[in-house]
Amino acid sequence: MFDSILVPTDGSEHATRAAEHGAALARAFSGTLHVMAVIDTRTAGGPFSSGELDDETRDRMRADADAAVTAITDAVDAAGAIQTTIRTGNPVDEICAYRDDHDIDLIAMGTHGRTGVGRYLAGSVTESVVRQADVPVFTVRATEQSRETDSYDDILIPTDGSTSATAAVEPACEIAAQFDSRVHVLNVVNLGDVATGSEYTLPKDLIDTLESQGKKVTERIAAQARESGVDAVTQVVDGFPAADILDYAEENDVDLIAMGTAGRTGLNRFLMGSTTERVIRHADMPVLAVNARDQRGDKA
């Protein structure tokens, strides 16, 4: 499923960790690893950018980009072909253009998570690629829990039953089949959507109905996973999606979270946009974000 995997790098520890995961997936799927750096000459403040560039600055930035790519190729064992490239321009545009030019199946990117946008792959660029990419984006922060790159024993698929959420099921099951993983399917009855205030108590019959719907949704996805030869368990909880997804992942030693996202057009259900981005920023384990725009009939 993942014949070509792209790893953009800014030379950070987070990008290197993403490359290690990308290489593990390339080995599992016998795919080609593509490593790229983008020299951002348009926006000051990025790792290879400084506004108006003189020749000396441009040469230094090129040297930094070369070093970032070399560090990745030296650090990973892809057990196959590795292609490298350095481009100049807007990082999001160049990453997406390379994806299109080379029929990339998966993008693996580092993200700096909670602390904001320190370098170009942190926060805004990663999230922009997640929104725009027509392929799954594997996001990684360099944490203790993301250190293991050769196995994903437990994979979590949160779902609200929407088409956008379901987009993550097939790629998650493909990875699970390759790594002999167990899939956890989680539905969060989103109290934030139905409660009107802190003193409002939901009727028990409404909660029961929502939980029943959640059980049907999770069992349907679990059945799909089992049909592909993957062990699967289900869980329905009441609460708030981002927090409960992260809590479940921590409590169950999840190695990878796979989520759908609506893409450019914003937030129409809890797994769209804001929740996926919160999970990407805060999860200590990798997050596979799958854009469901095409499945929903939207066009770029």
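Quantities reported herein were computed from a predicted structural model and do not represent experimental measurements. (Residues numbered from 1 in each chain as written. Predicted model: local features only at pLDDT ≥ 70, side-chain atom pairs only at ≥ 80, totals over all residues. Heavy atoms only, no water.)

Peer 1: Summarise unusual backbone geometry; cite the residues concerned and give the values.
Peer 2: Of note, the phi angle at S30 is positive, near 55°, even though the residue is not glycine. With respect to the helices and strands, the residue S30 is situated in the loop between α1 (13–28) and β2 (32–39). Positive phi is not limited to glycine here, since D103 has a value of about 50°. Here D103 shows up in the loop between α3 (91–101) and β4 (106–110). With relative accessibility at 60%, the residue D103 sits in the exposed group. (Helix = DSSP H or I, 4+ residues; strand = E, 2+ residues; numbered from the N terminus. Buried < 20%, exposed > 50% of the residue type's maximum accessible area, 1.4 Å probe, protein only.)

Peer 1: Quick one: what's the story with the packing of aromatic side chains, residue by residue and with numbers?
Peer 2: Taken as a whole and judged by the stated rule, the model has 3 aromatic pairs. Aromatic pair F2 and F29: ring centres 5.0 Å apart, planes at 80°, arrangement edge-to-face. Placement of F2 in the segment before β1 (4–8) and of F29 in the loop between α1 and β2 is noted, with a sequence separation of 27 residues between them. With respect to class, F2 is no different from F29; both count as buried. Arranged with centres 6.1 Å apart and planes meeting at 65°, the rings of F138 and Y152 form a pair that is edge-to-face. Taken together, the residues F138 in strand β5 (residues 137–140) and Y152 in the loop between β5 and β6 (154–158) connect sequence positions 14 residues apart. (Phe/Tyr/Trp six-rings, centres within 6.5 Å; stacked < 30°, edge-to-face > 60°.)

Peer 1: Tell me about the pattern of salt bridges, residues and numbers included.
Peer 2: All chains considered together, the criterion is met by 15 salt bridges. Notably, a salt bridge pairs R17 with E20, separated by 3.4 Å at the nearest N-O pair. With R17 and E20 both in helix α1 and 3 residues apart, the pair spans about one turn of that helix. In this structure R17 comes out as buried when scored by relative accessible area, which is 5%. One salt bridge connects E94 with R87, and the closest N-O pair in it is separated by 3.5 Å. Just as E94 is buried, R87 falls in that class too. (Salt bridge = Lys/Arg side-chain N within 4 Å of Asp/Glu carboxyl O.)

Peer 1: How would you sum up the packing of α3 against helix α4 (residues 124–132)? Please name residues and give values.
Peer 2: Running from amino to carboxyl end, α3 crosses α4 at an angle of 40°, the nearest separation of the two axes being 9 Å. Considering the angle they form, α3 stands oblique to α4. Handedness of the α3/α4 crossing: right-handed. Residues P91, V92, I95, C96 and R99 of α3 form the contact with α4, whose own contacting residues are V125, S128, V129 and Q132. In terms of residue class, the contact of α3 with α4 is made up of 6 nonpolar, 2 polar and 1 charged. (Axes fitted to C-alpha atoms, helices over the stretch in contact; angles between N-to-C directions. Parallel < 35°, antiparallel > 145°, perpendicular 65-115°, else oblique. Left-handed = near helix turned anticlockwise from the far one by under 90°. Contact = heavy atoms within 4.5 Å. Nonpolar A, V, L, I, M, F, W, Y, C, P; charged D, E, K, R; others polar.)

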